[in-house]
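Coordinates in review
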Amino acid sequence: MLAVAKAALERFHDVTADEDGALTFAHGGVVCALQGMELEEGLPVLNLTCVVAWDLPAESDVPTQVAMGVGEGLFGTPRVIRGEAGWDVTWRYAFPAVGLDEKAMGTLLMLVVSGASTLRAALVPE
């Protein structure tokens, strides 16, 4: 399943395969990691985690912006964490990967990472 995901992602991005099999890549300033796991026998799942932004000013109202749907997307869940230097924002999406061919996998993964990039654009001024 990660081999199909890697081939799908390589159509759009430079992809690195880590020693543990995880795939890493960047999209629109967002760093992403894709991991595979088997929740139970016959149920392989891919988990995509994107680091949308980090160290956003602590005095900004990032949690409210995210809760109100800024950069909202259909494929992924945002999370806001108070870090030592400010707000950190991630975007996660997990899905069963059985039966997805390279084209379908690529479409789904690009929908997820484009949501993360849209959120980043709304939160991080250029």
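Above this text sits the structure in question.
Below is a short write-up of the structure.

Scoring rules and cut-offs
Residues numbered from 1 in each chain as written. Predicted model: local features only at pLDDT ≥ 70, side-chain atom pairs only at ≥ 80, totals over all residues. Heavy atoms only, no water. Helix = DSSP H or I, 4+ residues; strand = E, 2+ residues; numbered from the N terminus. Buried < 20%, exposed > 50% of the residue type's maximum accessible area, 1.4 Å probe, protein only. Pairing = 2+ DSSP bridges. Salt bridge = Lys/Arg side-chain N within 4 Å of Asp/Glu carboxyl O.

On the secondary structure map, Asp18 appears in the loop between strand S1 (16-17) and strand S2 (23-27). Assessed through its relative accessible area of 33%, Asp18 is described here as partly exposed. A sequence separation of 15 residues divides Asp18 from Ala33, and the C-alpha atoms of the two residues are 9.7 Å apart.

Alternating positions in S2 separate cleanly, Leu23, Phe25 and His27 being buried on one face and Thr24 and Ala26 remaining unburied on the opposite face. Relative to S2, S1 is paired through two bridges, and the arrangement is antiparallel. The residue bridging Ala17 from the neighbouring strand is Leu23, located in S2. The antiparallel pairing of S1 with S2 creates a hairpin that spans five residues between the two strands, and Gly21 there sits at a positive phi of about 95 degrees. For S2 and strand S3 (residues 30-40), the ladder comprises five bridges, and the chain directions are antiparallel. Bridge pairing in S3 places Phe25 opposite Cys32.

What follows covers the pattern of salt bridges. In this structure the tally under the stated criterion is one salt bridge. Here Lys6 makes a salt bridge to Glu10, at a shortest N to O gap of 2.7 Å. Overall, Glu10 belongs to the partly exposed group, its relative accessible area being 42%.

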